Each structure stands twice: as structure tokens, then as C-alpha cells.
Amino acid sequence: MTADHPDRKASGFKAHVPLEQAQDALLNRVTPIQRTETVALGAADGRVLAESIVADRNVPAYRRAAMDGYALTAEATFGATNRSPSVLRLRETTDHLGRDEATAVHTGSAVPEGADAVVPIEQATTRGDDLEVESPVATGDNVAPVGEDISAGEHLYEPGDRLGPAGLGALKSVGRTTVEVYARPRVGVIPTGEELVQHDPDAGEAVETNGLTVSRYVSRWGGHPEYRDIVTDDRDALRAAIQRDLTKDLVVTTGGSSVGERDLLPEVIKDLGEVLVHGVGLKPGHPVALGSVQSTPVIALPGYPVSCIVTAMQFLRPAVKHLRREHPDPVPTTRATLGGKIRSEPGVQTFARVELDRDVTPPVATPIRASGAGVLSSAARADGWVVVPEQQEGLPADETVSVEHWEARL
């Protein structure tokens, strides 16, 4: 081994950086995207606005009935009782009503001029051309005024706001058909490992799954992944793969991040730029490496599938969200009783996979395993994980815990 590339297998990890410190080190090198694009309203769900939006019209633009019934002048019903109902003449007009006139209206239809209330259909009786009202209504009852929903000139959104389905409906109601949003982060996803194949492995080979998994997470978190071909454990090939994707907003690799003979990525990142962190105090996933090359953040995720998922959640997700100018939403959780003991080592945050039984109260979280970072099926079977804080040495059975559902669309 050269002086620049010591025997990694012999040296191992001398220290683990605390998780929060490692996250901060990465996010300090992530610059939110400046690029914007104009998209159709129907394609803007989940996108982050790059413009201020002010309503240029009222919603509703007319006084509308809030329920099925009869539009009338409230004053004409004052004093009405079931023994002495107010009697009004029914008309089919939608123009103007006199004081003692009424007309049928439906939910959402315009209330004619002269009317200032709507009596519900079940509180009135028709007799020929007359309408009998047995209880009074007040001015404004069941009438939505102009601009009740949105007023012209009202500030609806500011840059950095994330649009959802209800927001899209509000924007459509004020006449918007397009919006300016920040572009999706472009993420190069590079699976590495000389043993990897895409299909039909022979002895000594393994099917590549991490790159597929990570690229789908990137899409789920609002990024635009480019899932690259497998790169073998060769220094020049790895260097070329990273350099090719430096035009992206973020580069993420899978595999080759530890300290073994074929774990070349931390050294390649160091040769090209800077390694910020190598080795983090979490389990599984401590071999993760974080770096920066020519101002492009690089995340080297471990090759064991469960380690890859854990570190993607802890580092890739906040990085993609930061690029999108968002704060990550809290991971949805379920309070549950631990159905078995979880072992962990002090000084390391442990992410223990659990299955959740919701058919009992309170729900029971049964540990699948806290170790076995290469067992992908354990993550696929899990309903979530329980995080054991670094200052604790495991959790006892029957402990009340929070189960984090990392597979939710976050």
C-alpha cells in the first residue's frame, strides 16, 4: 500500500461521528436549487413554488347558496311559526326578488338580487304557487358572500411553499393554469461492486438492488434520479463515474464505502475533492462516507441493503429535501409496546426493524432483527423501525416505543 492509500482493512474505523454532526456536515455543503420551470397546474402536486401568487379575482365571484332551499328576504320570515307561517309567492326568476317573493335555489347557485337568505328545503312547504316558512331565518343565513373563500388581492402562496392537492384546487379556482416552481434536484445514482449483475447471478455474483431502491426513494422524495450502470471496483472507473455526474445536483453511490480492500470510494472522493465524514455512529450503516467534489455533494452509501436504506433515510433524504428548499417532514410514527428485547451498543444509534401488530391495543412492535444489515427481506417485511438512542444499551420488552414508518411517502 502507498502512503496515500494505507491498508484500510488493518486500520478500520478509529471513530464514529455522531449522526446529527454528520448530517450537519453534509447539509452545510448542499446548496438549494436556483433553477426554475413553469409547469401545468395538474403536474404541480408536491412541487415547491418559485413565485408569489396573489388572487386576481374573488371566489366565489357571486353570492351563492350554501344549501338546497329557497332564496328570499329574511325580513319576510320574521315572526314565522308553525301555526302562523310566513307565506311568500314562488317565482322562477334568477334576476330580482321582491320582499314577499322566493325562488328555489340549489347548493352553489346564484342568490338573486333582493334576496339575503336561503331557507333550507326541509324547513319550508310549497302549496301551489306559495311557499310557507314556519321558522324565521336571519340575514345572511346559508348565503356565501362574494369572496368568502378567496378575496381578490389576497396573498395565497410565497416562494418555498409546497403545493398539495387542495392548493392546486385553490389555484385553479382563481384562474391559474400554470405555476413557476423550482426544478427537481438531479441525482446521479451509481451502484458499485465487481460482484454485481442486473439479472441471473452466477456463483459469487449478486443482483444489484441498492441502486434501484435508492433511485426510487429519490423520486419519492421529489428528486429526479439517473440510475446508472453498475461500476466495478476499479479506481479509474469509479473516478470517471463520479466525474461524469458532477453536472448533477447530488451524486450518490452504493457499495464500496467501508474499509476493505475493494472499498475504494472514500479514497476516490478524497482524490477528487474532500471527504467530510467517513464512519457514522449509527447501526446498521456506520460505513457511510460523505464528501464534496467541485461543490457537488457526494454520498457514498454502504453496500449492505439495510445499511443502504438506513443511511439513505438519514442523509440522502434530507439532502434532496434541502436541494428542494424544504425541511423534511417528520417521519410518521405509531406508539406501540415492544414485543421483545432489542440489543444495541452504547454510543451508536441503532435502527431495529420491527413488525407491527395493529389488531391489538396498544399495537405490538415485534423486533425482526437489529443486526443482519445484508438481509434485505427483513427490511421488506418490516413495518418500520425503532430507534434506540446512542446513550442507551438496548430496550427491554414491554417498553413503549415509537415505530417510524420510513416507507411512507415523505
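Preceding block: the structure.
About the criteria used
- All chains use their own residue numbering, which begins from 1 and follows the written sequence.
- Selection of residues for local features in this predicted model requires a pLDDT of at least 70, selection of side-chain atom pairs for listing and counting requires 80 or more, and totals for whole chains, interfaces and linings are taken over all residues.
- Side-chain figures throughout are based on the complete set of non-hydrogen atoms in the structure, without hydrogens or water.
- The criterion for strand pairing is that DSSP finds at least two bridges linking the strands in question.
- Helix and strand assignments come from DSSP, with helices taken as H or I runs of at least 4 residues and strands as E runs of at least 2, each series counted from the N terminus.
- Between N-to-C directions, angles span 0 to 180 degrees; the directions come from axes that are lines fitted to C-alpha atoms, helices contributing only their stretch in contact.
- In what follows, residue pairs with any heavy atoms lying within 4.5 Å of each other are defined as contacts.
- When accessible area is computed with a 1.4 Å probe and restricted to protein chains, residues below 20% of their type maximum are described as buried, those above 50% as exposed, and intermediate ones as partly exposed.
- The arc under discussion is defined with respect to the helix axis, by the directions toward the C-beta atoms.
- Oblique is the label for any angle not covered by the other classes, which are roughly parallel (under 35 degrees), roughly antiparallel (over 145) and roughly perpendicular (65 to 115).
- Handedness of a crossing is defined here by the sense of rotation of the near helix relative to the far one, left-handed for an anticlockwise turn of less than a right angle and right-handed for a clockwise turn.

Chemist: How should the sheet that holds strand β18 (residues 274–278) be read in this particular structure?
Modeler: The pairing of strands in a sheet comes from backbone hydrogen bonds and takes either a parallel or an antiparallel form. Taken in spatial order, the six strands of this open sheet run β16-β13-β17-β21-β20-β18, and their pairing is mixed. The sheet is open, and its two edges are formed by β16 (224–227) and β18, each paired on a single side. Strand-to-strand twist in this sheet, taken as the mean axis angle between neighbours without regard to direction, amounts to 20 degrees. Here strand β17 (residues 250–254) pairs with strand β21 (residues 296–301) via four bridges, running parallel. Looking at the pairing, V252 lines up with I299 of β21. Sheet strands in contact with helix α4 (residues 210–220) are β13 (186–191), β16, β17 and β21, and its direction is about 165 degrees off that of β16.

Chemist: Looking at this structure, how should I read helix α3 (residues 165–173)?
Modeler: Along an α-helix, residues three or four positions apart point the same way, because every turn accommodates 3.6 residues. Buried within α3 are the following residues: G167, L168 and L171. For α3, the arc enclosing every buried residue in end-on projection is 100 degrees, short of the 170-degree limit, so these residues lie on one face. Looking at α3, the residues exposed on the side facing more than 90 degrees away from the buried face are P165, A166 and K172. On the buried face of α3, the contacting elements are β2 (53–54), β11 (155–157) and β12 (178–182). Immediately beyond the C-terminal end of α3, within one or two residues, lies G175, with a positive phi of roughly 100 degrees.

Chemist: Looking at this structure, how should I read the packing of α4 against helix α7 (residues 305–323)?
Modeler: Between two packed helices, what matters for the description is the angle formed by their axes and the separation of those axes. Between α4 and α7, whose axes approach to 10 Å, the crossing angle comes to 25 degrees. In terms of axis orientation, α4 runs roughly parallel to α7. For the pair α4 and α7, the crossing hand works out as right-handed. For the pair α4 and α7, contact is made by N210, T213, V214, Y217 and V218 and by P305, C308, I309 and L316, respectively.

Chemist: When you look at unusual backbone geometry in this model, what are you seeing that I'm missing?
Modeler: For residues that are not glycine, phi is negative in most cases, and the peptide bond is trans in most cases. The omega torsion of the bond from V59 to P60 falls at -5 degrees, within 30 degrees of zero and hence cis. For P60, the position within the fold is in the loop between β2 and β3 (64–65). The omega torsion of the bond from T361 to P362 falls at -5 degrees, within 30 degrees of zero and hence cis. Turning to its location among the elements, P362 is positioned in the loop between β23 (349–357) and β24 (364–369). With a phi angle near 50 degrees, D200 is a residue other than glycine that sits in the positive phi range. Examined against the element boundaries, D200 turns out to sit in the loop between β14 (196–197) and β15 (206–207). The class for D200 is exposed, based on a relative accessible area of 68%. For D398, which is not glycine, the phi dihedral falls at a positive 75 degrees. Taking relative accessible area as the criterion, D398 reaches 61% and is therefore assigned exposed.

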